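Descriptive analysis of the structure
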Amino acid sequence: NQMIIPVDETNLFQAAIIHSLSWQDSHLSFCSPDFVELHTPEHQQKYMEEKRNNGSRFFMLVKHKPVGIVSVTGSLIEDLYIRPDEQNKGYGTELLQFAVKTCTDTPTLWILENNTEAARLYHRMGFRETGRINAITDELNEIELSPK
């Protein structure tokens, strides 16, 4: 019994908990503890509300409990997060496949160049580097991926 459901007012905080847990877990290795701690469920809920007001659609994957989220804005896929205790079970793949179908045009997404886990998932799904890069810090770039 599983489903991918739209995120709305009734389940936004549940989605924000997933966003917070996963964001903190994935950024611990290269962000300061103080900065990571700011990304509480309340903080992430505000971020998600702002994105929803600007036309992003969030979706939540529910299994025995809510396990993952993703956002789609036109054809831009963002915010693909799986709870740390639910990773490596195929949930990311499931949400990504759903998000790709939801895109209005060729899907694109951005990942931090040091995010090898994400890169593996996206490469397996046929995404490749487009060559477009954003500098996040002096040391760290974000790279764009799209299916070739």
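Further up the page is the structure itself.
Anyway, here's the lowdown on the structure attached to this text. The structure displayed is predicted, hence computed values, not measured ones.

Parameters at a glance
- Residues numbered from 1 in each chain as written.
- Predicted model: local features only at pLDDT ≥ 70, side-chain atom pairs only at ≥ 80, totals over all residues.
- Heavy atoms only, no water.
- Buried < 20%, exposed > 50% of the residue type's maximum accessible area, 1.4 Å probe, protein only.
- Helix = DSSP H or I, 4+ residues; strand = E, 2+ residues; numbered from the N terminus.
- Arc of directions from axis to C-beta.
- Contact = heavy atoms within 4.5 Å.
- Axes fitted to C-alpha atoms, helices over the stretch in contact; angles between N-to-C directions.
- Parallel < 35°, antiparallel > 145°, perpendicular 65-115°, else oblique.
- Left-handed = near helix turned anticlockwise from the far one by under 90°.
- Nonpolar A, V, L, I, M, F, W, Y, C, P; charged D, E, K, R; others polar.
- Core = buried A, V, L, I, M, F, W, Y, C linked by side-chain atoms within 4.5 Å.

**Some details on helix α5 (residues 116-124)**
Of the residues making up α5, those classed as buried are A118, A119, L121 and Y122. Viewed end-on, α5 has its buried residues packed into an arc of 165 degrees, placing them on one side of the element. More than 90 degrees from the buried face of α5, the exposed residues found are T116 and R124. On its buried face, α5 sits against β4 (76-82), α4 (91-102), β5 (108-112), β6 (127-135) and β7 (141-147). Following α5 by one or two positions, G126 adopts a phi angle in the positive range, close to 90 degrees.

**What to know about the packing of α4 against α5**
Across the interface, α4 lies against α5 with an axial gap of 11 Å and an inter-helix angle of 55 degrees. It follows from the interaxial angle that α4 and α5 lie oblique. Between α4 and α5 lies a crossing of right-handed hand. Residue-level inspection shows G92, T93 and L96 of α4 in contact with α5, the latter providing L121, Y122 and R124. Among the residues making up the contact of α4 with α5, the classes are represented as 3 nonpolar, 2 polar and 1 charged.

**Observations concerning the nonpolar core**
With 22 residues, the main nonpolar core has I77, L96, L109, I111 and Y122 as its most contacted residues. Contributions of two or more residues to this core are made by β2 (57-62), β3 (66-73), β4, α4, β5, α5 and β7. Once residues lying within four places of it in the same chain are set aside, the contact partners of L96 are I77, L80, L109, L121, Y122, M125 and F127. The next biggest cluster of nonpolar side chains, apart from the first, holds 14 residues, and it includes A16, C31, V62 and Y81.

**Side note on the packing of helix α1 (residues 12-27) against helix α3 (residues 41-53)**
Interhelical geometry of α1 versus α3 gives an angle of 115 degrees and a closest axis separation of 8 Å. The handedness of the crossing between α1 and α3 comes out as right-handed. Residues L12, F13, A15, A16, I17, H19, S20 and W23 of α1 touch α3, and the partners they reach there are P41, E42, Q44, Q45, Y47, M48, E49 and R52. Of the residues contributing to the contact of α1 with α3, the split by class is 9 nonpolar, 4 polar and 3 charged.

Everything listed is a geometric property; what it means functionally is a separate question.
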